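# Structure at a glance
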Amino acid sequence: IIGENGSYVGTQELEYTTENIAAEDMGWYRLAIENSGNPIFLPPHTIKNYMGRSQYVISLIKSLSLGNAPPRGAMSINLTLDTLSKICNDVRLSNTGYVFIIDNNGNYIYHPNSDYLEANAGITKLADDTIMQRVLAGENGFVDHDHFVVCDSIDSAGYYVIGVVPYDAIVGAANSLRTLE
């Protein structure tokens with residue numbers, strides 16, 4: 001949390017400080033203030049934690065005010081991509097299925113293959129690019145080559161969560177059920 005006077009209160013490792021933040025680190029603060037109370041999700045970016053180590057995070061930022069008063073500060077909640085990876089990897093979509101997340105602009109927010117995050121510049125074509133394009137075109141359940149794809153949106157963040165399951169895994173499970181009769 002940063003106050004309008006630049007004072008800072010953070011919870012990294014329960015370290016609280018009132019040190020002033022350098023002007024170059026205040027960009028997110030200005031963006032939150034300009035959007036008066038509307039939460040904003042920032043795409044993956046690098047920040048420095050309280051010990052000066054870089055962390056790759058997704059941030060939710062929001063200005064803070066009391067009642068109808070103008071904003072008096074802003075907060076940033078940072079989710080490390082390691083944490084997001086743990087959440088997504090806990091989703092079981094067969095032995096070889098996986099989950100990935102994109103934003104409304106087609107940027108990869110999370111993918112189990114780190115090459116996808118590095119490819120956000122759009123230079124490299126990757127296998128899941130066709131899935132991403134179909135999702136952005138409005139499809140939310142379809143077969144893409146040999147995979148079944150389902151997706152849902154997180155409207156408040158402008159993200160799509162996409163599950164990809166090999167078609168053989170679904171057919172194999174259905175065949176196993178048939179043999180039970």
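Residues numbered from 1 in each chain as written. Predicted model: local features only at pLDDT ≥ 70, side-chain atom pairs only at ≥ 80, totals over all residues. Heavy atoms only, no water.

## A closer look at the pattern of salt bridges
Note the threshold: By salt bridge we mean one thing: a side-chain nitrogen of Lys or Arg within 4 Å of a carboxyl oxygen of Asp or Glu.
Summed over all chains, the structure comprises 3 salt bridges. One salt-bridge network, in which partners are shared between bridges, spans Arg-134, Glu-139 and Asp-144.

## So, a nonpolar patch on the surface
Convention followed: Exposure above 30% relative accessible area and the lack of any salt bridge qualify a residue for a patch; like charges then connect within 9 Å, and the nonpolar side chains Val, Leu, Ile, Met, Phe, Trp and Tyr within 5 Å. To measure how exposed things are, a 1.4 Å probe is used in the Shrake-Rupley method; for residues, cover is taken only from the protein chains shown. Comment: elements are numbered from the N terminus, with helices defined as DSSP H or I runs of at least four residues and strands as E runs of at least two.
Together, Val-143, Phe-148, Val-150, Tyr-167, Ile-170 and Val-171 make up a nonpolar patch on the protein surface, roughly 440 Å² of accessible area in all. Broken down by secondary-structure element, the contributors of at least two residues to the nonpolar patch are strand 8 (147-154) and helix 5 (167-179). Per-element tally for the nonpolar patch: the top contributor is helix 5, with 3 residues. Along the chain, Val-171 falls in helix 5.

## Looking at the pairing of strand 7 (residues 141-144)
Selection rule: Exposure classes here rest on a 1.4 Å probe applied to the protein chains alone. A residue is buried below 20% of its type maximum, exposed above 50%, and partly exposed in between. Any two strands between which DSSP finds at least two bridges are classified as paired.
Only one face of strand 7 is covered, namely the face carrying Phe-142 and Asp-144; the face carrying Gly-141 and Val-143 is uncovered. Looking at chain direction, strand 7 and strand 8 are connected through 4 bridges and run antiparallel. Bridge pairing links Val-143 to Phe-148 in strand 8.

## Thoughts on the nonpolar core
In a soluble, globular protein the nonpolar side chains are often hidden away together inside. Rule in force here: Among buried residues, those of type Ala, Val, Leu, Ile, Met, Phe, Trp, Tyr and Cys that are joined through side-chain atoms within 4.5 Å constitute a nonpolar core. Contacts are residue-level and defined by heavy atoms, with any inter-residue pair within 4.5 Å sufficient.
Residues Leu-84, Ile-102, Ile-131, Val-135 and Ile-162 are the most contacted members of the largest nonpolar core, which totals 25 residues. Contributing elements (two or more residues each) for this core: helix 2 (81-89), strand 5 (98-103), strand 6 (108-110), helix 3 (115-118), helix 4 (129-136), strand 8 and strand 9 (159-166). Not counting the four nearest positions on each side in its chain, Val-135 is found in contact with Ile-102, Phe-142, Cys-151, Tyr-160 and Ile-162. Core analysis: the next-biggest nonpolar cluster, separate from the first, contains 8 residues, Ile-2, Ala-32, Ile-40 and Ala-74 among them.

## A closer look at the confidence of the model for the protein
Which entries qualify depends on this criterion: The predictor attaches a confidence to each residue, and that confidence, scored 0 to 100, is pLDDT.
Here the protein shows a mean pLDDT of 80. Residues at 70 or above account for 82%. This stretch, residues 13-18, has a pLDDT under 50; its non-local contacts, to residues over four places away or in other chains, come to 10 contacts.

## Topic: the sheet that holds strand 7
We apply this condition: Axis geometry follows a simple rule: fit a line to the C-alpha atoms, using only the stretch in contact for helices, then measure angles between N-to-C directions, giving values from 0 to 180 degrees.
Pairing is antiparallel across the open sheet formed by 5 strands, whose spatial order is 6-5-9-8-7. Of all strands in the sheet, those with a lone pairing partner are strand 6 and strand 7, marking the two edges. Across the sheet, the mean angle separating the axes of adjacent strands is 30° when strand polarity is ignored. Examined bridge by bridge, strand 8 and strand 9 share 8 bridges and lie antiparallel to one another. Counterpart to Cys-151 in the pairing with strand 9 is Ile-162. Packing against the sheet, helix 2 makes contact with strand 5 and strand 6, and its axis sits at approximately 75° to strand 6. The sheet contacts of helix 4 involve strand 5, strand 6, strand 7, strand 8 and strand 9, and relative to strand 7 the element is tilted by about 155°.

## Topic: unusual backbone geometry
The backbone of His-145 shows a phi angle near 55°, a positive value even though the residue is not glycine. Considering the arrangement of structural elements, one finds His-145 in the loop between strand 7 and strand 8.

## Examining helix 2
Heads up, the rule is: This arc is built from the directions going out from the helix axis to the C-beta atoms.
Buried residues of helix 2: Leu-81, Leu-84, Ser-85 and Cys-88, and no others. All buried residues of helix 2 lie within an arc of 105° about the axis, which places them on one face of the element. Facing away from the buried side of helix 2 by over 90 degrees, the exposed positions are Asp-82 and Lys-86.

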